Every structure is written in structure tokens, then in C-alpha cells.
Amino acid sequence: MKDIYVIYWSQTGNTEAMAQAVAAGIDGKGAHGVVMEVGSASADMLKDEAVFALGCPAMGSEELEEGEMEPFVSALEGSVSGKTIGLFGSYDWGDGEWMRLWCERMENAGATIVGGQGVIANNTPDDEALEACRKLGEELAK
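The following paragraphs examine the structure supplied in this document.

Definitions and cut-offs
Positions within a chain are numbered from 1, following the residues in the order the chain's sequence is written. Residue-level local features of this predicted model are given only where pLDDT is at least 70; pairs of side-chain atoms are given and counted only at 80 or more, and the full residue set underlies all totals for whole chains, interfaces and linings. Based on all heavy atoms of the structure, the side-chain values leave hydrogens and waters out of the count. Residues enter a nonpolar core if they are buried and are Ala, Val, Leu, Ile, Met, Phe, Trp, Tyr or Cys, with the set joined through side-chain atoms within 4.5 Å. The classification of residues rests on relative accessible area computed with a 1.4 Å probe and restricted to protein chains. Under 20% of the type maximum is buried, over 50% is exposed, and intermediate values are partly exposed. By definition, any uninterrupted DSSP run of H or I lasting at least four residues is a helix, any uninterrupted run of E lasting at least two residues is a strand, and each is numbered from the N terminus. The contact rule is simple, with two residues in contact once any of their heavy atoms fall within 4.5 Å. The directions from the helix axis to the C-beta atoms form the arc being described. Two strands make a pair as long as DSSP finds a minimum of two bridges between them. As used throughout, the charge tally considers Lys and Arg to be positive and Asp and Glu to be negative, leaving His and the chain termini uncounted. By definition here, a salt bridge exists when the distance from a side-chain nitrogen of Lys or Arg to a carboxyl oxygen of Asp or Glu is within 4 Å. Two N or O atoms form a polar contact when they lie within 3.5 Å of each other; inside protein one atom must be a possible hydrogen donor and the other a possible acceptor, and for residues adjacent in sequence the pair counts only when both atoms belong to side chains. In this scheme Phe, Tyr and Trp rings, the latter by its six-membered ring, pair at centre separations within 6.5 Å, and the angle between planes marks the pair as stacked below 30 degrees, edge-to-face above 60, and tilted otherwise. Orientation is described by axes fitted as lines to C-alpha atoms, over the contacting stretch for helices, and by angles from 0 to 180 degrees between their N-to-C directions. Should an angle fall under 35 degrees it is called roughly parallel, over 145 degrees roughly antiparallel, and 65 to 115 degrees roughly perpendicular, with every other angle called oblique. Left-handed is the label given to a crossing in which the near helix is rotated counterclockwise from the far helix by less than a right angle, and right-handed is the label when the rotation is clockwise. Classification convention: Asp, Glu, Lys, Arg as charged; Ala, Val, Leu, Ile, Met, Phe, Trp, Tyr, Cys, Pro as nonpolar; all other residues, Gly among them, as polar. Looking down the strands as they point away from the viewer, one classifies a crossover as right-handed if the path from the first strand across the helix to the second runs clockwise.

Looking at the nonpolar core
Grouped together as the largest cluster of nonpolar side chains are 29 residues, with contacts concentrated most on Ile7, Leu54, Ile85, Leu87, Trp102 and Met106. Of all elements in the fold, only strand S1 (3-8), strand S2 (32-37), helix H2 (43-46), strand S3 (51-55), helix H3 (69-77), strand S4 (84-91) and helix H4 (97-108) reach the threshold of two or more residues within this core. When residues no more than four places from it in sequence are discounted, the contact partners of methionine 106 are Val73, Glu77, Val80, Ile85, Leu87, Ala111 and Ile113.

A closer look at H3
Within the span of H3, buried status applies to Met69, Phe72, Val73 and Leu76. Angularly, the buried residues of H3 cover 95 degrees about the axis, an arc narrow enough to put them on a single face. Elements in contact with the buried residues of H3: S1, H2, S3 and H4.

Here we look at the pairing of S2
Residues in a regular strand point their side chains to alternate faces of the sheet. Alignment of S1 against S2, held across six bridges, turns out to be parallel. Each residue of the ladder has a partner; that of tyrosine 5, found in S2, is valine 34.

What about the side chain of glutamate 62?
In this structure, glutamate 62 sits in the loop between S3 and H3. Arginine 100 provides the closest opposite charge to the buried, unpaired glutamate 62, separated from it by 5.9 Å. Among the polar contacts made by the side chain of glutamate 62, one reaches the main-chain amide nitrogen of aspartate 95 at a distance of 3.1 Å. Those residues in contact with glutamate 62 that lie beyond four places of it in its chain are Trp93, Gly94, Asp95, Gly96, Glu97 and Trp98.

Some words on the packing of aromatic side chains
Tallied over the full model, the rule gives one aromatic pair. Between tyrosine 91 and tryptophan 98 the ring centres are 5.8 Å apart and the planes differ by 45 degrees, which places this aromatic pair in the tilted class. Comparing tyrosine 91 with tryptophan 98, the two get one shared label, buried.

Focus: unusual backbone geometry
With a phi close to 55 degrees, glutamate 62 is a non-glycine residue in the positive phi region. Of note, the phi angle at asparagine 123 is positive, near 60 degrees, even though the residue is not glycine. As for its placement among the helices and strands, asparagine 123 is situated in the loop between strand S6 (119-122) and helix H5 (127-141).

Looking at the packing of H3 against H4
Running from N to C, H3 and H4 cross one another at 25 degrees; their axes reach a closest spacing of 10 Å. On the basis of the axis angle, H3 is roughly parallel to H4. By crossing handedness, the relation of H3 to H4 is classed as right-handed. On H4, the residues touching Met69, Glu70, Val73, Ser74 and Glu77 of H3 are Trp102, Arg105 and Met106. When its residues are assigned to classes, the contact of H3 with H4 shows four nonpolar, one polar and three charged.

Description of the pairing of S4
For S4, the tally of buried residues reaches seven of eight residues, placing the bulk of the element in the interior. In this sheet, S4 lies alongside S3 in parallel orientation, the contact comprising five bridges. Residue pairing across strands places phenylalanine 52 opposite isoleucine 85, the latter belonging to S4. Handedness of the S3-H3-S4 crossover: right-handed. Taken together, the two bridges between S4 and strand S5 (residues 112-113) define a ladder with parallel strand orientation. Bridge pairing links isoleucine 85 to isoleucine 113 in S5. Pairing of S4 with S6 involves four bridges; the strand directions are parallel. Each residue of the ladder has a partner; that of glycine 89, found in S6, is isoleucine 120.

Laid out in C-alpha cells, this is it:
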């Protein structure tokens, strides 16, 4: 069974719930979703992985969380070329700019973003957002 990492940062539990749904989609397609908080992960863990997911809510003025997730993404950025990445996260304000910028950043580094965009949820993910996360996981497991 193939392991697919789902690395996330969550303050309120919203993005964590999304990570669990992504993993459920992965598991439903016969792979194994390995859910891990970013503080327990390293960019080196993903250097040989062709497929993985990253989740982070919008923080500040629609940006990635600065203490753990931004340094992790920066460390990872140089090794994502040719990889397939699923991005997801929740937000409370704005219009999802942080996710568009994150997708663009990873694409500029050579990654392919599943579905061409990240999955976002306003605050607590509703059933529709959780289903989108499960579908993201299914796509990652193909």
C-alpha cells in the first residue's frame, strides 16, 4: 500500500478536519493517507515523494502561517519540480488570495497542482468542502 503524506498546519481545527478528509479520499482509493502536523514533518521527507498534500489556513493578510508552514514550504520549494501536489486550507476573511498565490508559487517551482487550484473552505469546512477534500485525496491516489 502506497503512503501519501498529508502535511498541514491548523490553529482552530478547520484545516485539520480538511486534512483528515483528504486522507479519507486517499484511503478510499487503496493507498494510505499519512496525516501529519507540519511541526512533525521535514521537507526531506517529501523529496522523494511524487505526490503529497499540504494544508494551511489563511493567516494575517492572506498568507501562509509564518512560524512553521512558511519555512516548511520555503524549504520544500526547491524540490517540487515534477511533483503532483494537493493544496487545501480554510479562511475567515478575504477571497482566497492566499491559496491562489500558494498555487502559483508551487507551479512556478515546477509542481502540478491537483485540479489546478487548491480546495478552500470558509471557516469550518461544510459537507461540500469536506467532499472536495475527499475528491482531492482520491485524485492524489490515482
